[in-house]
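Residue-level listing of the chains:
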Amino acid sequence: MATTNLGNFEKSIPSPRPRAATAASDAGFVATALKPLTSLRLTVVLFSLSIFLVLAGTLAQIDHDIWYVVHRYFRTWIAWIDLQVFFPRQMGIGGAFPFPGGWALGTLLATNLVTAHLMRFKVSGKGRALWGGTAIIVVGMFYTYAVIQSGLGNTVRSELSQEFSNGLWHALRFALGGGTLLLGYMLALSYRSRAQSASAWLWWLGAAIGAVLAALTVWLFLNPDVKLDASGLRIMWELVKAGTAGLILLAGCYLVFGNRAGIVLLHGGIALLMFSELHTGLTAQESRMQIAEGQTVNFAEDIRSAELAIINKSDIQNDKVTVVPVAVLQAAAESQETIDDPQLPFAVRVVEFLPNAVTRLAQPGENPRADQGWGTMRVSEERPINTGIAEQGVDLPAAYVELLSKDDKKSLGTYLLWALPSSAAIADSLTVDGEPYEIVMRFKQIPKPYSVHLIDFRHDRYVGTNTPKNFSSEVRLIDVANNVDSTKKIWMNNPLRYGGDTLYQADWDKETERGTVLQVVSNAGWMIPYVSCMLVATGMLFHFGLTFTRFAERKTAPKSAIQADSFRGLLTNWKSPAVWVPALVVVIFAGWVMGRARPPKLS
């Protein structure tokens, strides 16, 4: 009969650990794994690398334009930095070395920020406070998203209505006056307890701030004609909306994180600002519209990129356009390969490509290389590409191309194609297989779902000089699909916003002075920086205000059981002249402020 040694049996089976101990062990392992990512040293190193990258990118603008640097140094994961950017150019030092690009450094900084929050910022709220704070944070996030989206959509948002702007300005004046009265009332109540205590300097600091605010309030109310312009009020309105989002998020963070709410919100604003740069780099697009008076356009041009356009003119109603980017032309010129695509009616052999050139009429004794089209009377001379060291210019590429028939690769002629600094372009016409075509070198065109008609362009100068004083464009924006037909005025710092695009007054046609140049910025996240800055400002004000209050309380003498400047003290001592006299003064001046701040009716 076999016997079992219970002692050995107990030793052979390990006793299970309690669940709490296992969870604590797992949490400790996660904390150990994430600890290097939360290091402050890592933050300092990443900031140092970022500063070096900014330095290299700044020096690189001696040789390249700003957009080359933006895409090759900052909006990339790996940046190849030329050694010569750190030395005089005459030394001719070659070679380059890899370095973390802007996106790589930004991702690492964001990871460092998030992990630091996960490890160091503990949730202090419990029960209803925790759930309520979480719900408020969620509401604040939805409201923040709504604020960011408020500038988009197929509605004209160039300027606030006159009625709304008027009401907003008077509401701001009323808020200034009300805040000043409240501060003055609190200072009056706390005069005896604070002005003669150890923290008297704090009371006098508040009195100085109150005096400045009071003087500003009185000056604004005595000068009703003083008012922010339309641009300033629009920016103020965006800041008000973003500030409201910051206050909602701060309330939720306070219930969840307690006194660390300001730091949490501040870091959230920084993270949102970093996301804004990533979003802008991936989605934003800058272009321009050059419009003559009486002209209507439905496209914008990217002057940093050109294209060879082959236009089929056989359909009277609609043109069929096939484009070849200049990057493909340049690559074909370097490799001596022929561009032969099924969408092209002919093959293209790039004889020579000039990234930036001056095209002029041929002089006596010069032999143009082109034997077809407008280029038979012209020659192109290569020029250095534009860089950021001098006044920013526009590269005007040119190319000598030989067109070849599809079947037998028979030459159809050599053409000189070049881009012009204006929207106008010189097109060469030819017929292939019985169908009419045009070929033209132009800036990259970006179709728009709306059209802009220039009604009138104004260009005012200071008397006796050629210095521009003001230039503005009165335009008519038409979007048939969304039933939009609106007339608006665009001038400096007062753009037209529509459907995610912002149209700024940027330049004018200097030859005729009867045309405008509008800068078109397509950026769905243009409101994010406004919101980010207000989140950071709200978090900083709360955190430093809390720190300042703690410091002041340590310097204050012991408090009595009931103070006159507390809410309970006001109710208890309401008969005291120290309470009702300041209140009477506040009521009188509050009536004056409300009367002055009431918006007048617009005729």
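The model shown is predicted, which means the values in this text are computed figures rather than measured ones.

## Thoughts on the layout of surface pockets
Next, step 1: In this structure, the second largest pocket occupies an estimated 840 Å³ of space.
Next, step 2: Around the second largest pocket sit 28 residues that line it, and L105, G106, L109, A110 and M274 are the ones nearest its centre.
Next, step 3: Elements with a minimum of two residues in the lining of the second largest pocket: α3 (40–60), α5 (102–120) and α11 (261–283).
Next, step 4: Take the lining of the second largest pocket: its biggest share by element is eleven residues, from α5.

## Some points on the packing of α3 against helix α4 (residues 66–74)
Next, step 1: Two elements in contact, α3 and α4, have axes separated by 9 Å at closest approach and are oriented at 150°. The angle between α3 and α4 places the two elements in the roughly antiparallel class. In this structure, the crossing between α3 and α4 has a hand that is right-handed. Mapping the contact onto sequence places L53, V54, A56, G57 and A60 in α3 and V69, Y73 and F74 in α4.
Next, step 2: The residue makeup of the contact of α3 with α4, split by class, is seven nonpolar, one polar and no charged.

## Here we look at unusual backbone geometry
Next, step 1: Here K409, not a glycine, exhibits a phi torsion of approximately 55°, which is positive.
Next, step 2: If you trace the backbone, K409 turns up in the loop between β10 (398–404) and β11 (411–418).
Next, step 3: Residue K409 is classed as partly exposed on the basis of its relative accessible area of 37%.

## What to know about the sheet that holds strand β7 (residues 347–354)
Next, step 1: Here we have four strands laid out as an open sheet, ordered β6-β7-β10-β11, and antiparallel in their pairing. One side of each edge strand has no neighbouring strand; the edge strands of this open sheet are β6 (338–339) and β11.
Next, step 2: Two strands pair when backbone bridges link them, and β6 and β7 are joined in this way by two bridges, in the antiparallel orientation. For I339, the partnering residue across the bridge sits in β7 and is V348.

## Things to note about the packing of aromatic side chains
Next, step 1: Under the definition given, this model contains eight aromatic pairs.
Next, step 2: Both rings, one in Y450 and one in Y498, keep their centres 5.5 Å apart while their planes meet at 85°; by these two values the pair is edge-to-face. Within this pair, whereas Y450 is found in strand β13 (residues 435–461), its partner Y498 is found in strand β16 (residues 496–498), the two being separated by 48 residues in sequence. The residues Y450 and Y498 share a single accessibility class, namely buried.
Next, step 3: Ring geometry for W526 and Y530: centres 6.1 Å apart, planes at 90°, overall edge-to-face.
Next, step 4: The buried category is assigned to W526, whose relative accessible area is 13%.
Next, step 5: An aromatic cluster of three or more residues is present, and its members are F52, F86 and F99.

## Here's the deal with the packing of α3 against α5
Next, step 1: At their nearest, the axes of α3 and α5 sit 10 Å apart, and the two run at 160° to each other. Comparing their axes, α5 and α3 come out roughly antiparallel. The hand of the α3/α5 crossing is left-handed. Touching L40, L42, T43, L46, F47, L49, S50 and L53 of α3 are G102, L105, L108, L109, N112 and R120, all from α5.
Next, step 2: Each residue belonging to the contact of α3 with α5 can be placed in one class, and the counts come to nine nonpolar, four polar and one charged.

The rules behind the values
Residues numbered from 1 in each chain as written. Predicted model: local features only at pLDDT ≥ 70, side-chain atom pairs only at ≥ 80, totals over all residues. Heavy atoms only, no water. 1 Å grid on protein atoms, 1.4 Å probe; cavity = no way out; pocket = protein on both sides within 12 Å on 5 of 7 lines; lining within 4 Å. Points joined across faces, edges and corners; volume = space filled by probe spheres on them. Helix = DSSP H or I, 4+ residues; strand = E, 2+ residues; numbered from the N terminus. Axes fitted to C-alpha atoms, helices over the stretch in contact; angles between N-to-C directions. Parallel < 35°, antiparallel > 145°, perpendicular 65-115°, else oblique. Left-handed = near helix turned anticlockwise from the far one by under 90°. Contact = heavy atoms within 4.5 Å. Nonpolar A, V, L, I, M, F, W, Y, C, P; charged D, E, K, R; others polar. Buried < 20%, exposed > 50% of the residue type's maximum accessible area, 1.4 Å probe, protein only. Pairing = 2+ DSSP bridges. Phe/Tyr/Trp six-rings, centres within 6.5 Å; stacked < 30°, edge-to-face > 60°.

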